[in-house]
Amino acid sequence: MERQPLSAAHPVYVALARGLESCAAVLTLGLRESMGAYSAQERDLLRDARVVFFPSIRFVDVLEATGKRTFPSPSTYRFQRSRLQQELLIRYLGIPHPRTRFYFGAGQKRHIFEGFEYPFLAMGPGHVSSPPRIVRNADDLGLACRAFNPVVIQEIPPWDERLRLICVGDACAGALRLRGGGSEAAGWEPVDIEAMRTGDARADGLAGRSDTAAGSTGAHGHTGSRKRAAGRGGAEVAVFRSTHDLMKTAGLDDMVFEWARAGTCWYLVRMERPPSTWLTPAGRVHHGRHLCKLIQSGTFS
């Protein structure tokens, strides 16, 4: 497919980091060490672009400050990278969430046992460099406390079910489910996203296993999560809608939302960057190809 001519007659889409090189609608310049490393013509392209894709954390603030639309959005970058920011957002909006505390310095870390019992999760404040660790004993905790400051401690409830909603642009493009106690070794199963959106209990999705959506307290005022779900799959429909409401409220457009159910209550566990590919009942979806289809369909016009 030939590329669009980059002229005033066409919306211009420019990417910095990799991910859309095969998309004919987008010109990828490549990620460089500074804005000065781009030529004057390339900086003109950035200024004239309708949207700049994958600006990276390096350039997203500059583009935001000058009013340039980006994908992912500045908010998405911030919340992808920071557990602290996620925790503040989730608490502010009143979304049900596993009990989580931040401990700064040796003095605060000595009090972790006052609030948590083994096993629990220990993490650093940033998602990129600190995947969650399961802490089962004092040795595990000592290693985590030395590795992270602050150290993030989160309870591990006995989950009955876990769900990951993979959202790109303004809609969810995939869903994965983990049944039972939540062992990663069991594998995540693809879920029919349309059946989940509509609450179709006939699909091999999440229908009919709980009757309270997004917890017993209000998720964030948009979906009425205090209400009892109506019919099979109603709770999962409310979780789906709560996710979309959260995307809209916080300006998130490229995120995985992991929810988990304990009993009849759904909790938002974490948010993270989408994978490069994921499974659906119809086959494997590639993030870049899916995003390219959205661009070509006019989603970013």
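**Q** I tried to follow the sheet that holds strand β10 (residues 171-179) on my own but got confused; where do I start?
**A** As a general point, the strands of a sheet are linked pairwise by backbone hydrogen bonds and lie either parallel or antiparallel. Taken in spatial order, the five strands of this open sheet run β11-β10-β9-β12-β13, and their pairing is antiparallel. Across the chains shown, the open sheet's two edge strands, defined by having one partner strand only, are β11 (189-190) and β13 (265-272). Judged from the two bridges that link them, β10 and β11 form a sheet pairing that is antiparallel. Bridging across to β11, Leu176 finds its partner in Pro190. Running over the sheet, helix α10 (residues 287-296) touches β9 (161-168), β10 and β12 (254-262) and is turned about 50 degrees from β9.

**Q** Looking at this model, I keep getting lost on helix α4 (residues 83-93). Mind explaining?
**A** Three or four residues apart is the spacing at which side chains of an α-helix point the same way, because the helix has 3.6 residues per turn. Every buried residue belonging to α4 is among Arg83, Gln86, Glu87, Leu89, Ile90 and Leu93, and all of these are buried. Axial view of α4: buried residues confined to an arc of 165 degrees, hence all on one face. At the N-terminal boundary of α4, the capping side chain belongs to Ser82, with an oxygen 3.3 Å from the backbone nitrogen of Leu84. Once α4 finishes, Gly94 follows within two positions and takes phi at roughly 70 degrees, a positive value.

**Q** Is there a simple way to think about the environment of Trp259 in this case?
**A** In this structure, Trp259 sits in strand β12. For Trp259 and Val269, which are 10 residues apart along the polypeptide, the C-alpha to C-alpha distance reads 5.4 Å. A polar contact of 3.0 Å, which involves the side chain of Trp259, links it to the side chain of Thr243.

**Q** Looking at this model, I keep getting lost on the sheet that holds strand β6 (residues 120-123). Mind explaining?
**A** Read from one edge to the other, the open sheet built from four strands follows the order β5-β8-β6-β7, with strand pairing classed as antiparallel. The strands lining the two open edges of the sheet, one partner per strand, are β5 (100-103) and β7 (133-135). The sheet shows a mean angle of 30 degrees between the axes of neighbouring strands, taken without regard to direction. Both β6 and β7 contribute to a ladder of three bridges, which runs antiparallel. Among the inter-strand pairings, Phe120 is bridged to a residue of β7, identified as Val135. Lying on the sheet, α4 is in contact with β5 and β6; it crosses β5 at an angle near 135 degrees. Strands β6, β7 and β8 (151-155) of the sheet are contacted by helix α7 (residues 138-147), whose axis makes an angle of about 135 degrees with β7.

Rules of the game
- Residues numbered from 1 in each chain as written.
- Predicted model: local features only at pLDDT ≥ 70, side-chain atom pairs only at ≥ 80, totals over all residues.
- Heavy atoms only, no water.
- Pairing = 2+ DSSP bridges.
- Helix = DSSP H or I, 4+ residues; strand = E, 2+ residues; numbered from the N terminus.
- Contact = heavy atoms within 4.5 Å.
- Axes fitted to C-alpha atoms, helices over the stretch in contact; angles between N-to-C directions.
- Buried < 20%, exposed > 50% of the residue type's maximum accessible area, 1.4 Å probe, protein only.
- Arc of directions from axis to C-beta.
- Polar contact = N/O pair within 3.5 Å; in protein donor to acceptor, adjacent residues only side chain to side chain.

Shape descriptors only; they carry no functional weight alone.
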